[in-house]
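Results of the structural survey
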Amino acid sequence: MSAPVPEEVSLFAAVGGEPTFRRLVDKFYEGVAQDPLLRPMYPEEDLGPAADRLTLFLMQYWGGPNTYSASRGHPRLRMRHAPFRVDPAARDAWLHHMRVAVDSLGLAEPYHSALWDYLERAAYFMVNTMDPAEPAH
């Protein structure tokens, strides 16, 4: 008789679940709230609804509950960001605040790198306006 194969633990569960993702997003939006380039991209006076959407999306992406899709449908990230001018400067500002937030969690490897690598790729994917001085990636 063979030994049972252990179930793979999701990153969501491995890093502490919802409380960890809430801390990540709260820290991220602390920076966004003070950022003169990014803050105007959030039309709601209160950043709370945007923070909730990002938290639910990230939790679902990393193996948590599917609350995001149940309430908002398919993520369609580029379409949802299309109304906003996301240029390399906005991407870099977003990445700066997200790096501070990810680093603040103190996650062990390989979780830290997996989370950061995904967020970095996502930020580059969201760019929809190029600065003519910057080469495309």
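Refer to the structure printed above.
This one's a predicted model, so the numbers in the text were calculated from it and none came from an experiment. (Residues numbered from 1 in each chain as written. Predicted model: local features only at pLDDT ≥ 70, side-chain atom pairs only at ≥ 80, totals over all residues. Heavy atoms only, no water.)

Here we look at the packing of aromatic side chains
The tally for this structure, following the rule as stated, stands at eight aromatic pairs. Here Phe-28 and Tyr-29 contribute two aromatic rings whose centre-to-centre distance is 4.9 Å and whose plane-to-plane angle is 75°, an arrangement assigned as edge-to-face. Overall, the relative accessible area of 0% leaves Phe-28 in the buried class. Aromatic rings pair up to connect Phe-28, Tyr-29, Tyr-42 and Trp-94 into one cluster. Across from the ring centre of Trp-116, 4.1 Å away, lies the NZ or CZ of Arg-99, which sits over that ring. (Phe/Tyr/Trp six-rings, centres within 6.5 Å; stacked < 30°, edge-to-face > 60°. Buried < 20%, exposed > 50% of the residue type's maximum accessible area, 1.4 Å probe, protein only. Lys NZ or Arg CZ within 6 Å of the ring centre and 35° of its normal.)

Topic: the packing of helix α2 (residues 18-33) against helix α3 (residues 48-61)
At a closest axis distance of 9 Å, the pairing of α2 and α3 adopts a crossing angle of 140°. As summarised for this structure, α2 and α3 are arranged oblique, according to the angle between their axes. The element α2 and its partner α3 pack so that their crossing is right-handed. For the pair α2 and α3, the contacting residues are Glu-18, Phe-21, Arg-22, Leu-24, Val-25, Phe-28 and Tyr-29 in the first and Ala-50, Ala-51, Asp-52, Leu-54, Thr-55, Leu-56, Leu-58 and Met-59 in the second. (Axes fitted to C-alpha atoms, helices over the stretch in contact; angles between N-to-C directions. Helix = DSSP H or I, 4+ residues; strand = E, 2+ residues; numbered from the N terminus. Parallel < 35°, antiparallel > 145°, perpendicular 65-115°, else oblique. Left-handed = near helix turned anticlockwise from the far one by under 90°. Contact = heavy atoms within 4.5 Å.)

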